[in-house]
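Chain and residue survey
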Amino acid sequence: MPELPEVETTRRGISPFVEAQVVTQVIVRESRMRWPIPGDLADKLIGQCINRVSRRGKYLILDTDIGSVLIHLGMSGSLRVVDPASSPRKHDHVDMVLANGHCLRLHDPRRFGCVLWCDDDPLGHPLLCQLGPEPLGEDFSGGYLYQRSRQRKMAIKSFLMDSHVVVGVGNIYASESLFMAGIAPKRAAGRVSLQRYTQLAECVREVLHKAIEKGGTTLRDFVGSQGEPGYFQQELLVYGRDNQPCRHCGANLILTQIGQRASVYCRRCQT
């Protein structure tokens with residue numbers, strides 16, 4: 001599933017081709033996504049200039065003078081800049097053709113993503129307004145996590161993956177961050193000290209920055225905006241490495257289930 005680094009990689013990849021460009025054509029081949037694509041999307045978007053491409057959590061926002069397009073890549077989606085004359089592949093559901101001769105094409109085999117229109121401030125949209133702070137922003141800190149976690153009995157990994165607490169820290173990066181901070185993923189969120197949360201917040205930032213620099217994590221379904229895979233997977237310390245030796249102490253990594261998600265950790269290094 002594309003997580004924050006994959007979405008940020010996509011944003012950076014498409015922005016030079018999309019920003020300051022007028023939309024000349026919108027082609028919707030399949031409107032049945034997680035939520036139906038608005039029937040009047042073409043009417044709204046054609047003739048509008050995309051002023052900016054931004055990101056909030058795992059949502060991409062294409063701003064115009066009259067409103068914004070909200071895009072989520074779901075479980076397996078990707079956005080690519082292609083030649084509009086190129087034949088669409090199976091599961092290429094939406095094209096936005098631009099005046100510069102490029103086409104922004106959405107590919108989503110599972111159709112868990114979305115393409116929505118927002119007339120007003122997109123940050124006030126129901127899908128965005130309840131999201132927690134950005135993990136790379138100034139509002140995210142160990143002190144913030146400590147305050148939000150008091151009296152919380154849920155596993156710290158589930159707490160860290162809660163988008164109402166902080167956005168964009170999915171299964172991969174929560175696992176890696178907790179390992180770097182030496183915190184067991186099943187430990188109750190309310191039983192972690194301020195000092196350890198301060199360390200964890202720094203580890204989250206470090207892991208995400210590294211992943212963005214490497215172009216995201218290579219998963220079966222994800223490729224970058226121009227079709228290149230990410231390379232961060234080569235550096236994963238615990239995720240997907242169950243029963244393999246810990247890179248720090250050599251002990252076999254343990255696979256467990258937390259919140260119906262597979263979690264791998266080191267019993268020696270994480271307490």
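Above this text is the structure in question.
Predicted, not measured: the structure shown is a model, and the values here were computed from it.

With 20 residues, helix 6 (residues 194-213) ought to run about 28 Å at 1.5 Å a step, and its terminal C-alpha atoms sit 29 Å apart, in line with that. Looking at helix 6, one finds that the buried residues are Tyr197, Leu200, Ala201, Cys203, Val204, Arg205, Val207, Leu208, Ala211 and Ile212. Residues of helix 6 that are buried sit in contact with helix 1 (4-18), helix 3 (142-149), helix 4 (156-160) and helix 5 (171-181). The first or second residue beyond helix 6 is Gly215, which carries a positive phi of 85°.

Further remarks concern a nonpolar patch on the surface. Taken together, the side chains of Met1, Met75 and Phe112 make up a nonpolar region of the molecular surface, amounting to roughly 250 Å² of accessible area. Residue placement: Phe112 occurs in the loop between strand 8 (103-107) and strand 9 (114-118).

On to the packing of helix 3 against helix 6. It is the contact of helix 3 with helix 6, at a shortest axis distance of 7 Å, that shows an interaxial angle of 125°. The angle between the axes of helix 3 and helix 6 places the two elements in the oblique class. The two elements helix 3 and helix 6 cross, and the hand of that crossing is right-handed. Taken together, the residues of helix 6 that come into contact with helix 3 (itself represented by Gly142, Gly143, Leu145, Tyr146 and Ser149) are Leu194, Tyr197, Thr198, Leu200 and Ala201. When the residues that make up the contact of helix 3 with helix 6 are grouped by side-chain class, the tally is six nonpolar, four polar and no charged.

Formed by 26 residues in total, the largest nonpolar core has its most connected members in Leu145, Leu160, Tyr197 and Leu200. At the level of secondary structure, the elements contributing two or more residues to this core comprise helix 3, helix 4, helix 5 and helix 6. Top element by residues in this core is helix 6. It accounts for eight residues. One finds Leu62, Ile71, Val81 and Met96 within the second-largest nonpolar core, a separate group that totals 25 residues.

Taken together, four strands build an open sheet; the order of strands is 3-4-5-9 and the sheet is antiparallel. Because the sheet does not close on itself, it has two edges, and the strands there are strand 3 (52-56) and strand 9. Each adjacent strand pair in this sheet contributes to an overall mean axis angle of 25°, direction not counted. Where strand 3 meets strand 4 (residues 59-63), five bridges bridge the pair, whose relative direction is antiparallel. In the strand pairing of strand 4, Val53 is matched with Leu62. Packed onto the sheet, helix 1 meets strand 3 and strand 4 and runs at close to 175° relative to strand 3.

Interhelical geometry of helix 1 versus helix 6 gives an angle of 40° and a closest axis separation of 9 Å. Between helix 1 and helix 6, the interaxial angle falls into the category oblique. Relative to helix 6, the crossing made by helix 1 is right-handed. From helix 1, Leu4, Pro5, Glu8, Thr9 and Arg12 reach across to helix 6, where they touch Leu208, Ala211 and Ile212. Each residue belonging to the contact of helix 1 with helix 6 can be placed in one class, and the counts come to five nonpolar, one polar and two charged.

With respect to the secondary-structure elements, Leu73 resides in the loop between strand 5 (68-72) and strand 6 (78-82). In sequence terms Leu73 and Gly190 are 117 residues apart; their C-alpha atoms lie 32 Å from each other. For Leu73, the residues in contact, after removing those within four places along its chain, are Pro2, Val7, Thr10, Ser78, Leu79, Leu106, Asp108 and Gly113.

Under the definition given, this model contains 13 salt bridges. Across the salt bridge formed by Asp119 and Lys44, the nearest N and O atoms sit 3.3 Å from each other. Within this pair, whereas Asp119 is found in the loop between strand 9 and helix 3, its partner Lys44 is found in helix 2 (residues 41-45), the two being separated by 75 residues in sequence. Linked by salt bridges that have partners in common, Glu8, Arg11, Arg12, Arg55, Arg56 and Glu134 make up one network.

What follows covers the sheet that holds strand 1 (residues 21-28). Spatial ordering of the open sheet is given by 2-1-7-8-6, a layout of five strands whose pairing is antiparallel. Single-partner strands in this sheet number two, and they are strand 2 (49-50) and strand 6. One ladder, built from five bridges, connects strand 1 with strand 7 (residues 92-98); its direction is antiparallel. Its bridge partner being in strand 7, Val26 is matched across the sheet by Met96. Relative to the sheet, helix 1 contacts strand 1, strand 2, strand 6, strand 7 and strand 8, its axis offset from that of strand 6 by approximately 30°.

Rules used in this analysis
- Residues numbered from 1 in each chain as written.
- Predicted model: local features only at pLDDT ≥ 70, side-chain atom pairs only at ≥ 80, totals over all residues.
- Heavy atoms only, no water.
- Helix = DSSP H or I, 4+ residues; strand = E, 2+ residues; numbered from the N terminus.
- Expected span 1.5 Å × (residues − 1).
- Buried < 20%, exposed > 50% of the residue type's maximum accessible area, 1.4 Å probe, protein only.
- Contact = heavy atoms within 4.5 Å.
- Patch = residues over 30% accessible without salt bridge, like charges linked within 9 Å, V, L, I, M, F, W, Y side chains within 5 Å.
- Areas by Shrake-Rupley, 256 points an atom, 1.4 Å probe, with all protein chains shown as cover.
- Salt bridge = Lys/Arg side-chain N within 4 Å of Asp/Glu carboxyl O.
- Axes fitted to C-alpha atoms, helices over the stretch in contact; angles between N-to-C directions.
- Parallel < 35°, antiparallel > 145°, perpendicular 65-115°, else oblique.
- Left-handed = near helix turned anticlockwise from the far one by under 90°.
- Nonpolar A, V, L, I, M, F, W, Y, C, P; charged D, E, K, R; others polar.
- Core = buried A, V, L, I, M, F, W, Y, C linked by side-chain atoms within 4.5 Å.
- Pairing = 2+ DSSP bridges.

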